[in-house]
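# Close look at the chain arrangement
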Amino acid sequence: MTPANPEKMPVRNSGDILLIRQTVRARTVELGFSLVDQTKMVTAASELARNTVDYGGGGYVIFEILNDGSRRGLRLTFEDHGPGIPDISLALKDGWTSGSGLGLGLSGAKRLVNDFHIESKVGQGTKVVITRWK
Amino acid sequence: MSEIVRKHQAEILTDWIKETPESTRRSDLIGETEFRNHCTQFLRALEEGSRDTDKAGDLAAPEWAQMRDLLAEISRSRVQLGFTPRQVATFVFSVKAPIFRRLRAELGGDPQSLADETYRTSLLIDELGLYTTEIFQRSREEVIRLQQQEMLELSTPVIKLWEGILALPLIGTLDSARTQIVMETLLQKIVETGSAVAIIDITGVPTVDTLVAQHLIKTVTAARLMGADCIISGIRPQIAQTIVHLGVGLGDVTTKASLADAFMIALTRAGLMITSAANA
Amino acid sequence: MERIPILKMGEFLLVSIQVDMHDRLALALQEDLTNRISETGARGVLIDISSLEIVDSFIGRMISNIAGMARIMDAETMVVGMRPAVAITLVELGLSMPGVKTALNVEKGMEQLRSMSAKNRAVRITRDARKS
């Protein structure tokens, strides 16, 4: 696989989240994703960006366009140096609904993408990588 | 090997072109200039990719990017011209003979080195040949997928039964991909026609597995978020049993045995009713 | 900072969200709606999201919050015009908005709100009549 054009964007505040949504939309359109797939990817990115801002104390996201022979995809890596997640398996559990205010929405975001990978160390930070293929 | 290819590129090229059997060469499909071009580029990419002997075995490494792109290009263009995947792969394999000849000439005095290098080269060329078949297969799969999608879109008619009432008669086996397309088509039609009721009839569906049941429920949930109600009709006893067995909760989704019953419910929800002409 | 305009349509309020909102705008909308419901005694709030290409958990929570506050003030919340791609994504995300009614568009939403309001009024009148 040859990742091309990695681009990096800051994730510090609400304005950054909006910009990231627009950028993910643009990239998925360029890659020819269906409307539903575009929406899923942008929404997943929005969720993770929000986590980075709200729980990670801010961080950055890296965009990578992937090319694996005949299929193309978009990979987003959200990274922060925040408090980290003490119990990842708990965070990935379902049971997060709107209105409760809590919950990282990770399980939901996971369902919106093809590949989902998370690393986190308490006191060091969190890294979430999501990939969606066309 | 990389060194040898670089040093004797011109000779290897000539030999390779000369020795390619007509069954692989297919001069009826591809002209001399283009063929020569392909071979030249191949040798160049081969030399470049195998330069670093540590990375030489890993086709995914960036050193092989040029070769990968070239092989993808050759494979796709030739297949379009009418080459079989075997012919494309054999084209790659046929570069072994001229290269081995040069290896023998250079390393003849050192049988161990010659054996090692020949083996490594052979493995590498095999990989490259197989790569072309993979490319072929993948583009084939892409074509099939696109055709399937088209067929699905054509075979999932959404029918307007009445103002504000849509019906989606599903026929045949439902798989995950098809159900997803069906779901999207129905939701789109709901918006386009402004229909607040959609009847999904599965009379013509022989079996329903967990995945399909879940997709149906997701469709109903999505429709509700949009402001429309779905009624599932045509659930035969076997399917009802399966759904209960699977433990998939249909929740508060309205289900009816027949499309006709579902239509009556839909009319009622729309505030309509059918009366006999005699009473009018 | 621009604020999202709230229109009064009879005894209901209509809000049309047409931009991708940043946090401050969303919070301002929540606040403004709560105030307007209280000021006008509106019986219902209609939120038109037909222009939204993305609804994430933040917006979902905002809508749920609005519905919660509206209910306390005896008003119904109706969300209309959700796009199919958004609906499909929300279902996958697992986001539900309990207590929020939905309709295909503003017209249908208004119709529903009116009939709900009329029903409530009818009940009240009947009760009053029996009292006297």
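Definitions and limits used
Numbering of residues starts from 1 in each chain and follows the order in which that chain's sequence is written. As they are written, the chains are lettered A onward and the ligands numbered 1 onward, keeping that order. Per-residue local features of the predicted model are confined to residues with pLDDT of at least 70, and side-chain atom pairs are confined, for both listing and counting, to 80 or more; whole-chain, interface and lining totals are unaffected and use all residues. Residue pairs qualify as contacts under a 7 Å threshold applied to their C-beta atoms, which are placed from the backbone. Helix numbers and strand numbers start at the N terminus; a helix is a DSSP run of H or I with at least 4 residues, a strand a run of E with at least 2. Residues are grouped as follows: nonpolar covers Ala, Val, Leu, Ile, Met, Phe, Trp, Tyr, Cys and Pro; charged covers Asp, Glu, Lys and Arg; every other residue, Gly included, is treated as polar. We call two strands paired when DSSP finds no fewer than two bridges between them. For the purposes of this description, domain bounds are those given by an automatic or database domain assignment. Structural elements are reduced to axes, namely lines fitted to C-alpha atoms, with helices fitted over the stretch in contact, and the angle between N-to-C directions of any two is expressed from 0 to 180 degrees. Roughly parallel refers to an angle under 35 degrees, roughly antiparallel to one over 145, roughly perpendicular to one between 65 and 115, and oblique to any angle outside these ranges. Working rule for handedness: look at the near helix, and if it is turned counterclockwise from the far one by less than a right angle, call the crossing left-handed; if clockwise, right-handed.

## What to know about the interface of chain B and chain C
The interface is formed by 14 residues belonging to chain B together with 12 residues belonging to chain C. Looking at the side of chain B that touches chain C, the elements that each hand over two or more residues are helix 9 (176-193) and helix 10 (210-226) of chain B. Element by element, the count of residues in the side of chain B that touches chain C is highest for helix 10 of chain B, at six residues. Per-class residue counts for the side of chain B that touches chain C are seven nonpolar, four polar and three charged.

## Examining the interface of chain A and chain C
The interface is formed by 23 residues belonging to chain A together with 21 residues belonging to chain C. Mapped by element, the contributors of at least two residues to the side of chain A that touches chain C are helix 1 (14-30), helix 2 (35-54) and helix 4 (106-112) of chain A. In terms of residue count, helix 2 of chain A provides more of the side of chain A that touches chain C than any other element does, nine residues in total. Here the residues of the side of chain A that touches chain C sort into six nonpolar, 11 polar and six charged.

## A look at the pairing of strand 3 (residues 71-80) of chain A
Residue and element names in this part refer to chain A. Taken together, the 10 bridges between strand 2 (residues 59-68) and strand 3 define a ladder with antiparallel strand orientation. Counted as the bridge partner of N67 is R72 from strand 3. What sits between the antiparallel neighbours strand 2 and strand 3 is a turn of two residues, in which G69 has the positive phi angle 85°. Bridge analysis of strand 3 against strand 5 (residues 125-133) gives eight bridges, and the strand direction is antiparallel. If you follow L74 over to strand 5, its bridge partner there is R132.

## A look at the domain arrangement of chain B
Here chain B is partitioned into domain 1 (2-150) and domain 2 (159-274). Its C-alpha centre places domain 1 of chain B at a distance of 53 Å from the equivalent point of domain 2 of chain B.

## Description of the packing of helix 1 (residues 23-40) of chain C against helix 2 (residues 57-72) of chain C
Residues and elements named next belong to chain C. At a minimum axis separation of 10 Å, helix 1 and helix 2 run at an interaxial angle of 15°. Considering the angle they form, helix 1 stands roughly parallel to helix 2. Read as a crossing pair, helix 1 and helix 2 show a hand that is right-handed. Taken together, the residues of helix 2 that come into contact with helix 1 (itself represented by A26, Q30, L33, T34 and I37) are I59, M62, N65, I66, M69 and A70.

## With respect to the sheet that holds strand 1 (residues 159-162) of chain B
Residue and element names in this part refer to chain B. Strand order in the open sheet formed by five strands is 1-2-3-4-5, with mixed pairing between adjacent strands. Only two strands of the sheet have a single neighbouring strand rather than two, namely strand 1 and strand 5 (254-256). Direction aside, neighbouring strands of the sheet carry axes that sit 30° apart on average. In this structure, strand 3 (residues 197-204) lies alongside strand 4 (residues 229-233), joined through five bridges in parallel fashion. Residue pairing for strand 4: I199 is matched across the bridge by I231. Strand contacts of helix 10: strand 3 and strand 4, with the helix running at about 150° to strand 4, the strand carrying the most contacts.

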